[in-house]
Amino acid sequence: MQNFELSSSNNIYNQKNLINEKYRILHHFLFWGFYIAYSVFIHFFTSGFGGVDRFPFIMLVDVATIYFNISLLVPRYLVKKRLFKYFSLTFLSFVLNVFINFLIQNFVFHPSSIDCLFNEICQLSYAITTSFVFLILAILLKLLKEYLKSIEKIKSLKEINVKSELDFLKTQVNPHFLFNTLNNVKVLIKLNPELAEDVLMKLSDLLRYQIYDCSSEKVLLTSELIYLQNYLDLQKIRLKDAKIDFTYSGDFTGKMIYPFMFMPFIENAVKHGLGGGEKDNFINVNIKLVNKTIDFFVENRKCKIKSENGGIGLVNIRRRLDLLYPNNYKLEFFETDYVYKVKLNINLV
C-alpha cells in the first residue's frame, strides 16, 4: 500500500465536558431530572397538573416536543438560519403540545374533585408553562452546545491550517519540480520555442494560483480544475513516456470548493505511479460533478520502488476533510498488486 499517513479527528469536539459525547447521556438525565424536580415543586406548592397519574403523559408529550425541536428543527433550520420555517414549525409543535395537554386534562382523565373552572385553567396553564419553559431552556442549551462546537471547530481548523499552509508552501516552492520544469524549458527553447513558451505560461499560472488566487477561504471549482490540468500537463512534458489522463464532466459554473482538496492525492499518484521507472506507468484522474456532489477518482500504476514518505499534504487530508466537510464526504482506497486507486466523494453544501 502506498504510504498514506492519515489521521482521524473523531474526537475533535471532546475538549469541554458540555460538548463531550461521553457525558451526553448524563446531560440528558440531569435536564430531565431538573424537569421532574420542577414538576414536583409545582405539585406540592401549587395546584399542580391536577394529579400525579397524569404527569407521566404530560412529560411524555414534552419529551417528544423538545427532542423534535433540538434534534430536527434546530440543526436543520435554526442553525442554517432558515428562521421562517424554524419558528413556524416550532409554533405548530407547541400548539400541538398545548392541544394534547388540553385533551389529557379534560378528556383522558376526569376533572379534579374540585369541579372549578379556575382550578382547571390553572392546572392546564401550569402544564403549558412548564412545556414552554423547558422547551426554551432545551433550545438555549442546544444552541450553547452548537456554539461551543463551532469554537472548537475554529480552533482545530486554525491548528490544522498551520500545518496545511506549510504543506502548501512546500508545494509552491518545490525545488525538485521547479528544477525539472526549468531544465525542460531550457532544452525546449532551442528545440521548440513555442512549446517552451507554453510551459512557462503554465508554470506561471500554476504559481500564481498557489500564491495569490488561494488567499480566499474557497476558490472556484473551475480554477481548481485549471490548476490540476496545468500541473498534469507539466508532468506530461517532464515524463514523456508516462501516460497521464485527466478528464472531468459536469456543470462547474459558480461552484466553490476549499483549495487543494485533490492535489495531495494527485501528487501522491505522480510520486508513486511515475517515479519507479516502469515502462507502463500511468495515472488516470477523473472528476465528475452531479448536482452538488463531486466525485474524484485517481488511479496509478504501483511502482516497484517504494518511497519512505507520503505525498505532500496527505498526513492531514482526512482531518482536513473532517473539519471542512463534516459528514459530507466519503474517502475510499483500493489496491491490487499493480494498481492503487483513491475515490473521494464530497457534497458541496
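Going by the structure above, here's the rest.
Rules and cut-offs
- Residues numbered from 1 in each chain as written.
- Predicted model: local features only at pLDDT ≥ 70, side-chain atom pairs only at ≥ 80, totals over all residues.
- Heavy atoms only, no water.
- Helix = DSSP H or I, 4+ residues; strand = E, 2+ residues; numbered from the N terminus.
- Buried < 20%, exposed > 50% of the residue type's maximum accessible area, 1.4 Å probe, protein only.
- Areas by Shrake-Rupley, 256 points an atom, 1.4 Å probe, with all protein chains shown as cover.
- Phe/Tyr/Trp six-rings, centres within 6.5 Å; stacked < 30°, edge-to-face > 60°.
- Pairing = 2+ DSSP bridges.
- Axes fitted to C-alpha atoms, helices over the stretch in contact; angles between N-to-C directions.
- Contact = heavy atoms within 4.5 Å.

## Considering the overall build of the protein
Part 1 of the reasoning: Helix and strand counts for the protein come out as nine helices and seven strands.
Part 2 of the reasoning: A total of 349 residues make up the protein; the buried ones form 42% of that total.
Part 3 of the reasoning: Looking at the protein as shown, the accessible area adds up to about 20000 Å², and 62% of this sits on carbon and sulfur atoms.

## Observations concerning the packing of aromatic side chains
Part 1 of the reasoning: One pass over the full model with this rule turns up 19 aromatic pairs.
Part 2 of the reasoning: Aromatic side chains Phe-31 and Phe-134 sit 5.8 Å apart centroid to centroid with 85 degrees between the ring planes, which places their arrangement in the edge-to-face category. Of this pair, Phe-31 sits in helix α1 (residues 24-45) while Phe-134 sits in helix α4 (residues 117-172), placing them 103 residues apart in sequence. The two residues Phe-31 and Phe-134 agree in class, both being buried.
Part 3 of the reasoning: Judged by centre distance (5.4 Å) and plane angle (80 degrees), the rings of Tyr-258 and Tyr-325 are edge-to-face. Of the two residues, Tyr-258 is situated in the loop between β3 (256-257) and α8 (263-273) and Tyr-325 in the loop between α9 (317-324) and β6 (329-335); the sequence distance between them amounts to 67 residues. Each of the two residues, Tyr-258 as well as Tyr-325, counts as buried.

## Some points on the sheet that holds strand β2 (residues 243-249)
Part 1 of the reasoning: Reading across the sheet, the five strands line up as β2-β4-β5-β7-β6 and stay open at both edges, with mixed pairing between neighbours. Edge positions in the sheet fall to β2 and β6, since each has one partner strand and no second. Across the sheet, the axes of successive neighbouring strands diverge by a mean angle of 5 degrees, strand direction being ignored.
Part 2 of the reasoning: Bridging between β2 and strand β4 (residues 282-290) involves seven bridges; their strand directions are parallel. Directly across from Ile-244, in β4, lies its bridge partner Ile-283.
Part 3 of the reasoning: Here helix α7 (residues 221-238) sits on the sheet in contact with β2, β4 and β5 (293-301), set at roughly 165 degrees to β2.

## Topic: unusual backbone geometry
Part 1 of the reasoning: Even without a glycine there, the phi angle at Asn-291 is positive, about 60 degrees.
Part 2 of the reasoning: Following the sequence through the fold, Asn-291 ends up in the loop between β4 and β5.
Part 3 of the reasoning: Its relative accessible area of 67% is what places Asn-291 among the exposed residues.
Part 4 of the reasoning: Its identity is not glycine, yet Asn-327 carries a phi of approximately 60 degrees, on the positive side.
Part 5 of the reasoning: Relative to the helices and strands, Asn-327 is located in the loop between α9 and β6.

## Overview of the pairing of β6
Part 1 of the reasoning: Bridge analysis of β6 against strand β7 (residues 339-347) gives seven bridges, and the strand direction is antiparallel. Within β7, the residue paired with Tyr-329 across the bridge is Ile-346.
Part 2 of the reasoning: Hairpin connection from β6 to β7: three residues lie between these consecutive antiparallel strands.

## Examining α8
Part 1 of the reasoning: For α8, the buried fraction is high: ten of the eleven residues fall into the buried class.
Part 2 of the reasoning: Regarding α8, the residues found buried are Met-263, Pro-264, Phe-265, Ile-266, Glu-267, Asn-268, Ala-269, Val-270, His-272 and Gly-273.

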